[in-house]
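What follows is the residue order along each chain.
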Amino acid sequence: MKTLDKEALLKSIRDILDFPKRGIIFKDITTLLNNPLAFGDLMEHLEDRYKSYDLDFIAGIESRGFIFGSALATRLGIGFVPIRKKGKLPFTTVSEKYALEYGEDEVEVHIDAFGDKKGSRVLLIDDLIATGGTAKASANLIGKVGATCVESCFVLELTFLNGKANFPTPLYSILEI
């Protein structure tokens with residue numbers, strides 16, 4: 001994306017001060033989603049980037065990754081797979097735990113999420129990477145069920161939190177803050 005395009009995309013994302021707690025500046029993508037020009041430009045950029053990757057699936061991290069992932073999967077004519085918090089999927093799952101500031105959490109995917117083809121080529125996508133815990137666990141989870149995460153893509157990267165350190169896949173961020 002050109003610098004001008006990135007600036008316009010960044011301007012379409014609203015800052016919410018002190019959410020979810022004091023001192024946090026929350027990046028609200030709902031204003032990006034309801035801006036058809038900005039969202040269209042973003043999806044066109046992602047389609048152009050990933051159309052030659054020979055992907056079999058896109059996996060989106062709950063919940064905003066579902067929006068970007070399903071839209072991109074449709075544009076590329078491939079399947080979409082949701083990666084969800086523990087206990088949200090109805091069939092047999094495989095899980096991966098990750099550390100939080102205080103404690104741990106877990107993400108899951110259906111055991112047959114990527115079909116019978118071992119080594120399915122998968123793009124992992126979400127709106128934001130901060131500390132990287134959820135994203136790293138999600139990328140590892142893809143491998144646990146026999147697929148290959150070829151890249152992880154994020155609309156925003158909070159670089160000061162260094163979430164891409166020791167990341168298990170190549171990582172692409174459209175916007176860096």
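Up top is the structure these notes are about.
Reading the values: the criteria
- Residues numbered from 1 in each chain as written.
- Predicted model: local features only at pLDDT ≥ 70, side-chain atom pairs only at ≥ 80, totals over all residues.
- Heavy atoms only, no water.
- Helix = DSSP H or I, 4+ residues; strand = E, 2+ residues; numbered from the N terminus.
- Buried < 20%, exposed > 50% of the residue type's maximum accessible area, 1.4 Å probe, protein only.
- Contact = heavy atoms within 4.5 Å.
- Areas by Shrake-Rupley, 256 points an atom, 1.4 Å probe, with all protein chains shown as cover.
- Lys, Arg positive; Asp, Glu negative; His and termini not counted.
- Charge placed at Lys NZ, Arg CZ, Asp CG, Glu CD.
- Expected span 1.5 Å × (residues − 1).
- Arc of directions from axis to C-beta.
- Polar contact = N/O pair within 3.5 Å; in protein donor to acceptor, adjacent residues only side chain to side chain.

### Some details on the overall build of the protein chain
Part 1: Within the protein chain one finds five helices and nine strands.
Part 2: Secondary structure elements of the protein chain occur, N-terminal to C-terminal, as α-β-β-α-α-β-α-β-β-β-β-α-β-β.
Part 3: Along the three orthogonal principal directions, the C-alpha set of the protein chain runs to about 40 × 40 × 30 Å.
Part 4: Across the 177 residues in the protein chain, those meeting the buried criterion constitute 42%.
Part 5: Look at the contacts in the protein chain between residues 6 or more apart in sequence, and 56% of them connect residues 24 or more apart.
Part 6: Total accessible area computed for the protein chain in this model is approximately 9,300 Å², and 52% of it derives from carbon and sulfur atoms.
Part 7: Here the protein chain contributes 22 positive and 25 negative side-chain charges, whose respective centroids are spaced 2 Å apart.

### Digging into helix H3 (residues 36-50)
Part 1: In this model H3 runs 21 Å from its N-terminal to its C-terminal C-alpha over 15 residues, within 8% of the 21 Å that 1.5 Å per residue would give.
Part 2: All buried positions along H3 are accounted for by Ala38, Phe39, Leu42, Met43, His45, Leu46 and Tyr50. Taken around the axis of H3, the buried residues stretch over an arc of 155°, which confines them to a single face. Along H3, the residues that are exposed and aim more than 90 degrees away from the buried face are Pro36 and Leu37.
Part 3: Capping the start of H3 is the job of one residue whose side-chain oxygen sits 3.1 Å from the backbone nitrogen of Leu37: Asn35.

### Some remarks on the environment of Ala147
Part 1: You can see Ala147 is positioned in the loop between helix H5 (133-144) and strand E8 (148-157).
Part 2: Judged by its relative accessible area of 8%, Ala147 is buried.
Part 3: In sequence terms Ala147 and Gly163 are 16 residues apart; their C-alpha atoms lie 23 Å from each other.
Part 4: Residues in contact with Ala147, not counting those within four places in the same chain, are Phe114, Gly119, Ser120, Val122 and Ile142.

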